[in-house]
Amino acid sequence: MSLITVRNLAVGYEGQVVEENINFTVNKGDYLCILGENGSGKTTLMKTLLHLQKPLNGEILLQDGLTSNEIGYLPQQTVVQKDFPASVWEIVLSGCLGRREWHPFYGKEEKKLATENMERMGITRLARRSYRELSGGQQQRVLLARALCATQKVLVLDEPVTGLDPNATMEMYELIQKLNQEGVAILMISHDVEVAVQYASHVLHLGTPSFFGSKEAYLESELGKLFVLHEKKGGSVEMEKGDRHA
C-alpha cells in the first residue's frame, strides 16, 4: 500500500503557481529521486509535502498509518545552520520532539532512539562535540541521525550532498542506500543527477514535460536521455515555461 499519494497537486506561494498537475505515489521501500531545472519547484514541493506551506490545489494523502510528524526531513544547510552552537547529542535528540507530545522532558525511549541512530550513522564518538566544529560530512550524518529520530518510514532529503567532498559524498549516498534497503522510503532532491539516479528506484521530473515512473523508464525516455546528457556536459535543459521560482 502507498505511504504517500499525490494527486493533481499545484504548489507555490503567495498565490503564485510554481508547478502544477503533479501526480506520484511513494510506497514502502521506494527511493524517489526528484529532478528538474533550477526553479522548477522541487524545494517548494518538499515544503508542501511537509506541511510547511499549503498546496494551491490538489491533494496529498498520507496512508498506511503514516502521519505528518513521522516524515524525517534533512533540509539544505545554510551558513547559519553550519555554525549552530549545540552538541551533536542535543541536535540528534531534538529529532524526537514530535514524539514527546505533552511531555516536557525527553524520556528513556527518546534517549535510546537517539543513541541507536547515532550508532547507525557512526557518530557515537562525536556525541559531546560541538556541531559547528565538525566537517561537512560529519554534520550531514548528525542531521540524518536527527531525521531518523522522527521516522522509520519516510525520509525527505533536499540536496544532502551539497558542499561535500567526493569521499563524503559517496559515503552519504551509501548511508542513504543502506537506510532504503532497511525499508525506509527515500524522497531526495539532487543536482548530482547521474549518481543520484543510479540509486533511485523511481524518478519524478518536474517541468514541461514532466515525468513520473521507474528509473529504467526515465532513462529510456527522451526527457531522461536529454536531461542526463546535459547534466554530464554541465549544461542545462531549455525551459519551456516562463520564469520559475525555487
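Residues numbered from 1 in each chain as written. Predicted model: local features only at pLDDT ≥ 70, side-chain atom pairs only at ≥ 80, totals over all residues. Heavy atoms only, no water.

S.K.: In this structure, what is going on with the overall build of the protein chain? I would like to understand it.
M.R.: Helix and strand content of the protein chain: nine helices and nine strands. Within the protein chain, the fraction of its 246 residues that count as buried is 50%. Here the analysis covers contacts within the protein chain between residues at least 6 apart in sequence; of these, 68% occur between residues at least 24 apart. In the structure as shown, the protein chain presents an accessible area of about 12,400 Å², 50% of it carried by carbon and sulfur atoms. (Helix = DSSP H or I, 4+ residues; strand = E, 2+ residues; numbered from the N terminus. Buried < 20%, exposed > 50% of the residue type's maximum accessible area, 1.4 Å probe, protein only. Contact = heavy atoms within 4.5 Å. Areas by Shrake-Rupley, 256 points an atom, 1.4 Å probe, with all protein chains shown as cover.)

S.K.: Looking at this model, I keep getting lost on the pattern of salt bridges. Mind explaining?
M.R.: Oppositely charged side chains can form a pair if their charged atoms are brought close together. On inspection of all chains with the given rule, the structure shows seven salt bridges. In this structure, Lys-112 engages Glu-116 in a salt bridge whose closest nitrogen and oxygen atoms are separated by 2.5 Å. Of the two residues, Lys-112 and Glu-116 are both situated in helix H4 (residues 108-120); the distance of four residues between them amounts to about one turn of the helix. Judged by its relative accessible area of 53%, Lys-112 falls in the exposed class. The closest approach of N and O atoms between Glu-182 and Arg-120, which form a salt bridge, is 2.8 Å. Of this pair, Glu-182 sits in the loop between helix H6 (166-181) and strand E7 (185-189) while Arg-120 sits in helix H4, and the two are 62 residues apart along the sequence. Since its relative accessible area comes to 43%, Glu-182 is described here as partly exposed. In the salt-bridge network here, residues are joined through shared partners; they are Arg-120, Lys-178 and Glu-182. (Salt bridge = Lys/Arg side-chain N within 4 Å of Asp/Glu carboxyl O.)

S.K.: Is there a simple way to think about the packing of aromatic side chains in this case?
M.R.: The description of an aromatic ring pair rests on the distance of the ring centres and on the angle between the ring planes. Under the criterion given, the structure shown has three aromatic pairs. On the numbers, 5.3 Å between centres and 55° between planes, the contact of Phe-211 with Tyr-218 is tilted. Residues Phe-211 and Tyr-218 agree in their burial class; the two are buried. (Phe/Tyr/Trp six-rings, centres within 6.5 Å; stacked < 30°, edge-to-face > 60°.)

S.K.: Can you help me understand the sheet that holds strand E2 (residues 16-27) in this one?
M.R.: Picture the strands of a sheet paired through backbone hydrogen bonds; they go either parallel or antiparallel. Spatially, E2-E1-E4 is the arrangement adopted by the three strands of the open sheet, whose pairing is antiparallel. Of all the strands in the sheet, the pair left with one neighbour each is E2 and strand E4 (57-62). Pairwise comparison of adjacent strand axes, ignoring direction, gives a mean angle of 15° for this sheet. As paired strands, strand E1 (residues 2-13) and E4 are joined by five bridges and run antiparallel to one another. Directly across from Ile-4, in E4, lies its bridge partner Leu-62. Across the sheet, helix H1 (residues 42-49) is in contact with E1, E2 and E4; its angle to E1 comes to roughly 120°. (Pairing = 2+ DSSP bridges. Axes fitted to C-alpha atoms, helices over the stretch in contact; angles between N-to-C directions.)

S.K.: Looking at this structure, I do not really get helix H5 (residues 136-148). What am I missing?
M.R.: Since the α-helix packs 3.6 residues into each turn, any two residues three or four apart lie on the same face. Here H5 spans 18 Å end to end across 13 residues, near enough to the 18 Å set by a 1.5 Å rise per residue. Burial of H5 is extensive: 10 of the 13 residues sit out of reach of the surface. The set of residues buried in H5 consists of Gly-137, Gln-139, Gln-140, Arg-141, Val-142, Leu-143, Leu-144, Ala-145, Ala-147 and Leu-148. (Expected span 1.5 Å × (residues − 1).)

S.K.: Please explain the environment of Met-170 as it appears in this structure.
M.R.: With respect to the helices and strands, Met-170 occurs in helix H6. When the C-alpha positions of Met-170 and Val-195 are compared, they lie 9.2 Å apart, and in sequence the two are 25 residues distant.

S.K.: Teacher, can you tell me more about the side chain of Thr-48 here?
M.R.: Structurally, Thr-48 is set in helix H1. In this structure Thr-48 comes out as buried when scored by relative accessible area, which is 2%. Beyond its immediate stretch of four places on either side in the chain, Thr-48 contacts Val-11, Gln-53, Lys-54, Pro-55 and Ile-60.

S.K.: I would appreciate a short explanation of the packing of H5 against H6 in the present structure.
M.R.: Between two packed helices, what matters for the description is the angle formed by their axes and the separation of those axes. Taken N-terminus to C-terminus, the directions of H5 and H6 make an angle of 15°; their axes are 10 Å apart at the nearest point. Looking at the two axes, H5 sits roughly parallel to H6. In the crossing of H5 with H6, the sense of the turn from one axis to the other is right-handed. Facing Gly-137, Gln-140, Arg-141, Leu-144 and Leu-148 of H5, the residues of H6 in contact are Ala-168, Glu-171, Met-172, Leu-175, Ile-176 and Leu-179. Here the contact of H5 with H6 is composed, by residue class, of seven nonpolar, two polar and two charged. (Parallel < 35°, antiparallel > 145°, perpendicular 65-115°, else oblique. Left-handed = near helix turned anticlockwise from the far one by under 90°. Nonpolar A, V, L, I, M, F, W, Y, C, P; charged D, E, K, R; others polar.)

S.K.: Which parts of the structure should I look at to understand the state of the cysteines?
M.R.: In total, this model carries zero disulfides according to the counting rule given. You can see Cys-96 has no disulfide; the closest cysteine sulfur is in Cys-149, sitting 3.9 Å from it. (Disulfide = S-S within 2.5 Å.)

S.K.: In this structure, what is going on with the nonpolar core? I would like to understand it.
M.R.: Most often, soluble globular proteins keep nonpolar side chains buried together rather than apart. The biggest cluster of nonpolar side chains holds 52 residues, and the ones touching the most others in it are Val-92, Ile-123, Leu-144 and Leu-155. Once you skip the residues sitting within four places of it in the chain, Leu-144 turns out to touch Leu-74, Met-121, Leu-155, Leu-157, Met-172, Ile-176 and Leu-179. Counting 24 residues, the second largest nonpolar core, distinct from the first, contains Val-6, Leu-49, Ile-60 and Ile-189. (Core = buried A, V, L, I, M, F, W, Y, C linked by side-chain atoms within 4.5 Å.)

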